[in-house]
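Here is what each chain is made of, one letter per residue.
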Amino acid sequence: MRTALLVAFVLMLILKLAEIIDWSWWIVCLPLYLTFAIVIVLMIFAGGVGTLFTFGKIFRERARFKRAMKTLEKDDIDP
């Protein structure tokens, strides 16, 4: 995919420099930005998945702690 984006950029650059197209430079460079945008989206997605796993661990530990506290409270009440 990176090769296709690079080819698209080079093609649009040649067309811009030959004055065949009249587009703005940011539009001509858009294929370069797409690579960075895809990387950023993947990083955000991976961070979200990592956060979900972290929250899962936190909730499991909290539930385990609550169960342990209930057990301690029962032991204190039932002597």
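Computed from a prediction, not measured in an experiment: that's the story for all the values here.

Visitor: Teacher, can you tell me more about unusual backbone geometry here?
Guide: Trans peptide bonds make up most of the peptide bonds, and negative phi angles are found at most residues other than glycine. In this structure, E19 takes a positive phi of about 60° despite not being glycine. Relative to the elements of secondary structure, E19 occurs in the loop between α1 (2-17) and α2 (25-28).

Visitor: I tried to follow the environment of Y33 on my own but got confused; where do I start?
Guide: Mapped onto the fold, Y33 is located in helix α3 (residues 30-77). A relative accessible area of 41% places Y33 in the partly exposed class. Between the alpha carbons of Y33 and L5 there is a distance of 9.5 Å; along the sequence they are 28 residues apart.

Visitor: In this structure, what is going on with the environment of L72? I would like to understand it.
Guide: Tracing the chain through its elements places L72 in helix α3. For the pair L72 and I21, spaced 51 residues apart in the sequence, the C-alpha separation amounts to 77 Å.

Visitor: Explanation requested: a nonpolar patch on the surface in the structure shown.
Guide: A cluster of nonpolar side chains, M1, L6, V10, I14, W26, L30, L32, Y33, L34, I38 and L42, forms an exposed patch at the surface whose accessible area comes to about 1,100 Å². Those elements that provide at least two residues to the nonpolar patch are α1 and α3. In terms of residue count, the dominant contributor to the nonpolar patch is α3 (six residues).

Reading the values: rules and limits
Residues numbered from 1 in each chain as written. Predicted model: local features only at pLDDT ≥ 70, side-chain atom pairs only at ≥ 80, totals over all residues. Heavy atoms only, no water. Helix = DSSP H or I, 4+ residues; strand = E, 2+ residues; numbered from the N terminus. Buried < 20%, exposed > 50% of the residue type's maximum accessible area, 1.4 Å probe, protein only. Patch = residues over 30% accessible without salt bridge, like charges linked within 9 Å, V, L, I, M, F, W, Y side chains within 5 Å. Areas by Shrake-Rupley, 256 points an atom, 1.4 Å probe, with all protein chains shown as cover. Salt bridge = Lys/Arg side-chain N within 4 Å of Asp/Glu carboxyl O.

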